[in-house]
Amino acid sequence: MIQKEKKILVSRQYGNKQISAIGLGLCGLRTLAGHFKKDEAVAALGKALESGINYIDLGFPELCPDKALLKAYGALLNNADVSICVKANVLKLTSGEELTVQLRSCMEAYGITKVTFLQLYGVNRTAWNRIRGNGVLQKADELKETGAVENLSMHYTDDRFYLKPILQEGIFDGISIELSAIELPRNSGSLKIAGDFHLGTVVTGALKNGCILSELSLKDAICAEFFAPGVSSVLLELLTAEEVQKAVEISETSDRGKDYVRAQLAAKKARDAFYKKREIQCEVCRCCMPCPEGFNAPRIAELYNEALMFDAPEYSALQFEIENLAGKECVHCGKCQSKCPREFEIGTIATKAAELFRSQLKEVNCCDPRRV
Ligand code: SF4
Ligand code: SF4
């Protein structure tokens, strides 16, 4: 009998590190929504480290419901040879000093002593202009220059058209983008541009907090991104040792030819099924922007579509909070509708969505400062 060759967990270049092709996200939306058991979540990190996963993203500890969980994670991380990524949410930061405070708070919350990647989270065309003027970018660069962090990365959320000029500035060592099977055709342009600059990419949201698995197998959901050209690592929020085991097995045994092709076909079918549930067939091209009121209607409508597609408004609501989308209102001036090639009433839909997310956040109670 021919024994099938078992591959090791692949590692790929990202910044100045070789990182595992599966990364582990801690304190992501599943955790923030409370869908975890502490002992199981800590066991999941232990299993990941033991399995060779060496890229760990620390997520959003400021919103974490369980501080003891963070400390338990930190104790494991301090004894491991891993690349640690800390997010600094540029959608909320207003100065370089705030960036330093956010970095320190995250390190203290986990009790960790080193940061391999400082990730500027949520960069889009508007945020980019803002962080260049408010000192956040300069401070990030300084933190790297002084060795407080080893690498600077960026989580990018806008059209690929705006990515090239940002990367031309030569500040970043790697980028991160949302890339589930649902987003594959739309976001793979950013992947290619990062590759043109010889930058690795960590992709997030492959499982859409597990929701994508109603239409796609775990193997197809992972393989659709795992083998996409330019991907350094697929970041997954896995909350039990069993979930880690399954993901590692898939990464070790899947085949770039057969499994990637099958995953892409399955992804198209799943995308069609999910898209039928959207209220608005908006492709988030953002031709209707900017809004004079600063209301990000396309993004809010996109989150609303996701809430409907995945029947999980709590995740969209948390993302709405993380991206600081709650502070602006639509005044129904109609300017965006007149610029949209399909004349969508995006402001009205986004207003309805914003109301839903605000009421959802009260239920989740994620903004309660006692949870920080
Ligand atoms: S509403 Fe229209 S213009 Fe605006 S993002 Fe959607 S499709 Fe594009
Ligand atoms: S209708 Fe609303 S979202 Fe659209 S441009 Fe006017 S204020 Fe902005």
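Residues numbered from 1 in each chain as written. Chains lettered and ligands numbered in written order. Predicted model: local features only at pLDDT ≥ 70, side-chain atom pairs only at ≥ 80, totals over all residues.

### Details of the overall build of the protein
For step 1, the next point in the chain: A tally of helices and strands in the protein yields 15 helices and 10 strands.
For step 2, the next point in the chain: A compact globule built from 372 residues would reach a C-alpha radius of gyration of about 21 Å, and the protein, at 20 Å, matches this within 12%.
For step 3, the next point in the chain: A principal-axis box enclosing the C-alpha atoms of the protein has dimensions of 65 × 50 × 45 Å.
For step 4, the next point in the chain: Across the 372 residues that make up the protein, the buried fraction comes to 49%.
For step 5, the next point in the chain: Here the contacts in the protein between residues at least 6 apart in sequence split such that 80% fall between residues at least 24 apart. (Helix = DSSP H or I, 4+ residues; strand = E, 2+ residues; numbered from the N terminus. Rg over C-alpha atoms; globule rule 2.2 N^0.38 Å. Buried ≥ 20, exposed ≤ 12 C-beta atoms within 10 Å, placed from the backbone. Contact = placed C-beta atoms within 7 Å.)

### Side note on the sheet that holds strand E4 (residues 55–57)
For step 1, the next point in the chain: Taken in spatial order, the eight strands of this closed barrel run E3-E4-E5-E6-E7-E8-E9-E10, and their pairing is parallel. For this sheet the average axis-to-axis angle between neighbouring strands, irrespective of direction, equals 30°.
For step 2, the next point in the chain: As paired strands, E4 and strand E5 (residues 83–89) are joined by three bridges and run parallel to one another. By the bridge assignment, Ile56 is partnered in E5 with Ile84.
For step 3, the next point in the chain: Sheet strands touched by helix H8 (residues 184–196): strand E7 (151–156), strand E8 (174–178), strand E9 (200–204) and strand E10 (231–236). Its angle to E8, the strand with the most contacts, is close to 170°. (Pairing = 2+ DSSP bridges. Axes fitted to C-alpha atoms, helices over the stretch in contact; angles between N-to-C directions.)

### Details of the environment of Asn54
For step 1, the next point in the chain: Tracing the backbone through its elements, the reader meets Asn54 in the loop between helix H2 (38–50) and E4.
For step 2, the next point in the chain: Owing to 23 C-beta atoms within 10 Å, Asn54 belongs among the buried residues under this scheme.
For step 3, the next point in the chain: Distance from Asn54 to Arg160, taken between C-alpha atoms, is 28 Å for residues 106 residues apart in sequence.
For step 4, the next point in the chain: Every residue in contact with Asn54, bar those within four places of it in the chain, is listed here: Ile19, Ser20, Asp81, Val82 and Ser83.

### Focus: the confidence of the model for the protein
For step 1, the next point in the chain: Counting all residues, the mean pLDDT for the protein is 92, and 95% of those residues have values of 70 or more.
For step 2, the next point in the chain: pLDDT under 50 marks residues 1–7. Its contacts with residues more than four places away, or in other chains, come to four contacts.
For step 3, the next point in the chain: Low confidence marks residues 367–372, where pLDDT is under 50. Its contacts with residues over four positions away, or in another chain, come to seven contacts. (pLDDT = per-residue confidence, 0-100.)

### Brief notes about the site of ligand 2
For step 1, the next point in the chain: Residues in close proximity to ligand 2 include Cys291, Glu293, Phe295, Ala297, Cys330, Val331, His332, Cys333, Gly334, Lys335, Cys336 and Gly347, which together make up its full environment.
For step 2, the next point in the chain: For the shell around ligand 2, the class distribution of residues is seven nonpolar, three polar and two charged. (Near = placed C-beta within 6 Å. Nonpolar A, V, L, I, M, F, W, Y, C, P; charged D, E, K, R; others polar.)

### Observations regarding helix H10 (residues 241–253)
For step 1, the next point in the chain: Its 13 residues place the ends of H10 18 Å apart at the C-alpha level, agreeing with the 18 Å of an ideal helix rising 1.5 Å per residue.
For step 2, the next point in the chain: Of all the positions in H10, only Val244, Ala247, Val248, Ile250 and Ser251 are classed as buried. One face of H10 carries all of its buried residues, which in axial projection span an arc of 160°.
For step 3, the next point in the chain: For H10, the secondary structure elements touched by its buried residues are strand E3 (22–25), H2, helix H9 (218–226) and E10. (Expected span 1.5 Å × (residues − 1). Arc of directions from axis to C-beta.)

### So, the environment of Pro165
For step 1, the next point in the chain: Take Pro165: it is sitting in helix H7 (residues 163–167).
For step 2, the next point in the chain: Here the alpha-carbon distance between Pro165 and Ser232, two residues 67 residues apart in the chain, equals 22 Å.

### Brief notes about the pairing of E3
For a regular strand, side-chain orientation follows a simple rule: the groups alternate between the two sheet faces.
For step 1, the next point in the chain: The alternating pattern of E3 places Ile22 and Leu24 on one face and Gly23 and Gly25 on the opposite face, and all of these are buried.
For step 2, the next point in the chain: Of the pairings in the sheet, the one linking E3 to E10 comprises three bridges and is parallel in character. Each residue of the ladder has a partner; that of Leu24, found in E10, is Leu236.
For step 3, the next point in the chain: As paired elements, E3 and E4 share two bridges and run parallel to each other. Note that in E4 the partner of Leu24 across the bridge is Ile56.

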